[in-house]
Amino acid sequence: MGEIAIKVENLGKSYRLGALGTATLKRDFLSMFGKGQNKEEDEREILWALKNVSFDIKKGDAVGIVGKNGAGKSTLLKLLSRTTAPSTGSIKVHGKISSLLEVGTGFHPELTGRENIFLNGAIMGMSKRDIKAQFDEIVEFSGVSRFIDTPVKRYSSGMYVRLAFAVAAHLETEIMIIDEVLAVGDIDFQKKCLGKMKEVTGSEGRTVLFVSHNMSAVKALCNYGLFLEKGTLRTTGSVQKVTEAYTAANKGLIETSELADRTDRSGNKSVILVDYYAEDMVGNRIETVLTGEDITFCFTLRCGPEKAKNVDFGLNFYDPEEANMGVLYSSYQSVYFEMEPHQLMQIKCVVPNFPFTIGTYKVGTRIVVNNEESDWLLGGAGFISVENGDFYGTGSTGFTHPYMTNFLGKWIHEVEK
Amino acid sequence: MEKNENWSLEIYPKASLFDFRLKEFWAYRELILLFVRRELVPTYKQTILGPLWFILQPLLTTFVYSIVFGAVARIPTDGLPQLLFYMPGIVLWNFFNSAFMKGSGTFLANSHIFGKVYFPRLILPVAGLLSSFVNFLIQFSLLLLIMAGYWIAGTEIHPGAQILILPLLLILVSMYSLGLGLVVSAFTTKYRDLNHFLVFGSQLLMYATPIIYPASIVPDKFRWVSLLNPLSPIFEGFRYSLLGMGQLMTDRLMISFGFSLFLLISGLILFSRAERTSIDTV
């Protein structure tokens, strides 16, 4: 067993729920004079983003931190990078920590690339001497040498990110904390960054903490893992064990909603939707899916007192801003259903290679019978949350911005003779 | 492994009251200068007049005050030419106000940086103070030039040994503005109302300080305001040390010093408490 680089004991972080307002001042005054209000009431207002987390990280380990949105990953990073203080417990560290929660922190648009390299480097804890020594290498890595004396506000966003990452990649601290900075830049640059990170963890014996939704990147880069769930540590161990646990946990059951009783619907109700859920290829109900998975959407329809012919079923996906991300009616594929009076029927729609990227999508449905609207759930039938996955079948998650649609291409090339 | 208990960094929920981590602050001193640069350089980038703006701003203000308070309101200037009377006060007030504003905006203006990376937060108000001081030096040189001009032209001013107290007054103003900035910034993390009050408050403070009027014309009824305001003797002293006019109120300056020291220390305490969790509430 090697030397311990980070020792975390009983770490917890609580946040007070609700807005800070006039009540804050009153509460602060009361607690100042030892007149804390009702303890129970207080407890309810407090959210533990992280609770009783303890672990050790050995020097030279590359640790992947995985977990769903809201599991406490970012909170853990904030505490480790000292941007905020813990509520309970302690963190003890050997060596200097630098955090890459965002590249380009402190960049000033009016300053030149050169000036920003020095400023950004110093913010991240590099000394002027270190930056000077590595200056040429940083500039070359970024590939913006022609524009190094131009204010960065004139940079394209790609150039900006490349320069920012170049500074970050040349930090020489013993412990590095990295938060999905790979989600930026073009493919070539991403590969370069992955390479640089491998170099960082492999050859130089540095400790790296890497937070990501991208299981393939975690597997490729890390040897150890932490799996956080609802603010507590669920699994620690080899990266294999942790990523498996994470993938397994993402296939839980969804709650069934009483769709039939909902009133936020329009249509003549000759056929209505009464149940909806999604399942994976093995038949488990799921609430979280990975981009690129084959997903089966299951809908139960109930026919009214009259026989229904030409039932056309449509489903679509909305992003949080209610923008429609895609629509599919069965009729587009020349599929119609027929139902007997009072019959219940389940329709399954298999969507191969699910195309949407990370995010929580609202699943909308609409039933049309004989070209007349029969049932349209205005609030949507349910939600499905998506984590980035292996859409291309190559291990690459591609462009991992939320609420995007992936597509495949056939690549052809011809050489000019 | 476990035996090795000399951790290079230990993080706990609470820190002791007087732990200002000045050693760590010193380790980051290079960053202060870079932040000073970051404050100063963009001020004149992409302006036609460039660094000239550092000088133009106090000149224009002095000009406006001369018209409004001198020519229109006819507030006496202790027998001095208006330019000479207003400018020292304005230059020193610019220094105080800019350092104070930068200090008090620390958490709100930099939350995007603070949320991403750690460095001693005290760097920023101190950098704000230093960049304000650089501005002050530029404006002060201009003031000296103007004074020299008046002196050659034969105006009655009496520069002399009293100028030696000037550095002390500047230290006082620095302590005062930094201390007040730290206190306010610590409170703004929770009570955003302060931020709205700030511009108004600083204007009020300016009128309560003998900048556009000499302390000698304050009616007895309102004398308590100027007595209560620890900035008054500093500004009077500044004019005295430069021009030999007015008076030096040594006893009241001592009170100002005590108050500034109190502000600075309580500012440091409140600030280092607020910086630990500022990003949770800002």
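Here the structure is a predicted model, which means the values were calculated and not measured. Just so you know, the residues in each chain are numbered from 1, in the order the chain's sequence is written. To read the labels, note that chains go from A and ligands from 1, taken in the order they are written. Per-residue local features of the predicted model are confined to residues with pLDDT of at least 70, and side-chain atom pairs are confined, for both listing and counting, to 80 or more; whole-chain, interface and lining totals are unaffected and use all residues.

## Side note on the overall build of chain A
The condition is simple: Strands here are runs of E lasting at least two residues and helices are runs of H or I lasting at least four, both read from the DSSP assignment and numbered beginning at the N terminus. With C-beta atoms placed from the backbone, a residue counts as buried when 20 or more other C-beta atoms lie within 10 Å of its own, as exposed when 12 or fewer do, and as partly exposed for counts between those limits. C-beta atoms are placed from the backbone for every residue, and two residues are taken to be in contact when these atoms lie within 7 Å.
Check the secondary structure of chain A and you find 9 helices and 21 strands. Classification of the 417 residues of chain A by burial places 40% in the buried group. Across chain A, the fraction of contacts at a sequence separation of at least 24, relative to all contacts at a separation of at least 6, is 72%.

## Here we look at the overall build of chain B
The line we're drawing: In this treatment the radius of gyration is a C-alpha quantity, and the globule benchmark scales as 2.2 Å times the residue count to the 0.38 power.
In terms of regular secondary structure, chain B is built from 12 helices and 1 strand. Element order for chain B, N to C, with α for helix and β for strand: β-α-α-α-α-α-α-α-α-α-α-α-α. Over its C-alpha atoms chain B spans a radius of gyration of 21 Å, differing by no more than 12% from the 19 Å that the globule rule assigns to 282 residues. Counting only C-alpha atoms, chain B reaches 80 × 45 × 35 Å along its principal axes. When burial is assessed residue by residue, chain B has 36% of its 282 residues classed as buried.

## Considering the sheet that holds strand 1 (residues 4-16) of chain A
Operational definition: DSSP-based pairing: two strands are paired if at least 2 bridges between them are found. For every element, the axis is a line fit to its C-alpha atoms; helices are fit only across the contacting stretch, and the angle between N-to-C directions ranges from 0 to 180 degrees.
Pairing within the open sheet is antiparallel, and its 4 strands lie in the order 2(A)-1(A)-4(A)-1(B). Two strands lie at the open edges of the sheet, namely strand 2 (46-58) of chain A together with strand 1 (9-11) of chain B, each paired on one side alone. Within the sheet, the average angular offset between the axes of one strand and its neighbour, ignoring direction, is 15 degrees. In this sheet, strand 2 of chain A lies alongside strand 1 of chain A in antiparallel orientation, the contact comprising 9 bridges. Across the sheet, Lys13 of chain A pairs through a bridge with Leu50 of chain A, a residue of strand 2 of chain A.

## Focus on the interface of chain B and chain A
The condition is simple: For this classification, Asp, Glu, Lys and Arg are treated as charged, while Ala, Val, Leu, Ile, Met, Phe, Trp, Tyr, Cys and Pro are nonpolar and the rest, including Gly, are polar.
Residue-level contacts link 30 residues of chain B with 37 residues of chain A. Elements supplying a minimum of two residues to the side of chain B that touches chain A: strand 1, helix 2 (29-44), helix 6 (111-114) and helix 12 (250-281) of chain B. Tallying contributions element by element places helix 2 of chain B first for the side of chain B that touches chain A, with 6 residues. Its residues assigned to classes, the side of chain B that touches chain A shows 17 nonpolar, 5 polar and 8 charged. Bridge analysis of strand 4 (residues 88-93) of chain A against strand 1 of chain B gives 3 bridges, and the strand direction is antiparallel. By the bridge assignment for strand 1 of chain B, Val93 of chain A is matched with Leu9 of chain B.

## Remarks on the sheet that holds strand 5 (residues 97-100) of chain A
By definition, the strands of a sheet pair up through backbone hydrogen bonds, in either a parallel or an antiparallel sense. All names here are of chain A. Taken in spatial order, the 6 strands of this open sheet run 5-6-7-3-8-9, and their pairing is mixed. On the outer flanks of this sheet lie strand 5 and strand 9 (232-238), each paired with one strand and no other. On average, adjacent strands in this sheet sit at an angle of 15 degrees to one another, irrespective of strand direction. Bridge count between strand 3 (residues 62-66) and strand 8 (residues 224-229): 4 bridges; the pairing is parallel. When the bridges of strand 8 are listed, Gly64 appears paired with Gly225. Of the strands in this sheet, strand 3, strand 8 and strand 9 are in contact with helix 9 (residues 239-249), which crosses strand 9 at around 140 degrees.

## Here we look at the packing of helix 4 (residues 82-104) of chain B against helix 8 (residues 166-188) of chain B
Axes are the key here: two packed helices are described by the angle between their axes and the distance separating the axes. Residue and element names in this part refer to chain B. To be explicit about the condition: Convention used here: angles under 35 degrees read as roughly parallel, angles over 145 as roughly antiparallel, angles from 65 to 115 as roughly perpendicular, and any remaining angle as oblique. A crossing counts as left-handed when the near helix is turned anticlockwise from the far one by less than a right angle, and as right-handed when that turn is clockwise.
Contact geometry of helix 4 with helix 8 gives a least axis separation of 7 Å together with a crossing angle of 30 degrees. As far as their axial angle goes, helix 8 and helix 4 are roughly parallel. The chirality of how helix 4 crosses helix 8 is right-handed. Contacts between helix 4 and helix 8 involve Leu92, Phe95, Phe96, Ala99, Phe100, Lys102, Gly103 and Ser104 from the first element and Val173, Ser174, Ser177, Leu178, Leu180, Gly181, Leu182, Val184, Ser185 and Thr188 from the second. Counted by class, the contact of helix 4 with helix 8 contains 10 nonpolar, 7 polar and 1 charged residues.

## Some details on unusual backbone geometry
All names here are of chain A. Non-glycine residue Asn310 carries a positive phi angle of around 50 degrees. Along the chain, Asn310 turns up in strand 15 (residues 308-318). If you check the backbone angles, His342 has positive phi at about 60 degrees while not being a glycine. Mapped onto the fold, His342 is located in the loop between strand 17 (337-339) and strand 18 (344-351).

## Thoughts on the nonpolar core
This is how it is decided: For our purposes the nonpolar core covers buried Ala, Val, Leu, Ile, Met, Phe, Trp, Tyr and Cys residues that link as a set through C-beta atoms within 7 Å.
Core analysis: the largest hydrophobic core is formed by 123 residues, its most contacted members being Val63, Ile65, Ala164 and Phe210 of chain A together with Ile123 of chain B. Counting residues per element, this core draws most heavily on helix 4 of chain B, at 12 residues. Not counting residues within four places of it along the chain, the set of residues in contact with Ala164 of chain A comprises Val103, Gly104, Phe107 and Asn120 of chain A. Grouped together as the second largest cluster of nonpolar side chains are 32 residues, Leu290, Ala308, Ile358 and Ile367 of chain A included.

## Describing the packing of helix 8 of chain B against helix 12 of chain B
Where helix 8 of chain B meets helix 12 of chain B, the axes come as close as 7 Å, and the angle between the chain directions of the two elements is 35 degrees. In this structure, helix 8 of chain B crosses over helix 12 of chain B, and the sense of that crossing is left-handed.

## Considering helix 5 (residues 128-142) of chain A
All names here are of chain A. Which entries qualify depends on this criterion: Two axes define the bend at a residue: one fitted to the seven residues ending there, one fitted to the seven starting there, and the bend is the angle between them.
The largest bend in helix 5 is about 55 degrees, located at Gln134. For helix 5, the complete set of buried residues consists of Ile131, Gln134, Ile138, Val139, Phe141 and Ser142. The elements touched by buried residues of helix 5 are helix 4 (113-123) and helix 6 (157-169). Downstream of helix 5 by one or two residues, Gly143 has phi in the positive range, about 70 degrees.

## Overview of the confidence of the model for chain A
Here is the rule: For every residue, the pLDDT score states the predictor's confidence, bounded by 0 at the bottom and 100 at the top.
Of the residues in chain A, 85% reach a pLDDT of 70 or more, and the chain-wide mean stands at 83. Counting interchain partners and residues more than four positions distant, the pLDDT-below-50 stretch residues 251-257 of chain A has 12 contacts.

## Describing the confidence of the model for chain B
Residues and elements named next belong to chain B. For chain B, the average pLDDT comes to 86, and 98% of its residues sit at 70 or higher. Within chain B, the element-level pLDDT minimum falls on helix 10 (residues 223-228), averaging 78, and the maximum on helix 8, averaging 95. What the predictor reports for the complex is a pTM of 0.72 with an ipTM of 0.79.

## Quick word on the pairing of strand 6 (residues 175-179) of chain A
All names here are of chain A. For strand 6, the buried fraction is high: 5 of the 5 residues fall into the buried class. Burial of strand 6 is two-sided: the residues Ile175, Ile177 and Asp179 facing one way and the residues Met176 and Ile178 facing the other way are all buried. Judged from the 4 bridges that link them, strand 5 and strand 6 form a sheet pairing that is parallel. Along strand 6, the bridge assignment pairs Leu100 with Ile178. Where strand 6 lies against strand 7 (residues 207-211), 5 bridges are found, and the strand directions are parallel. Paired with Met176 across the strands is Val208, a residue of strand 7.

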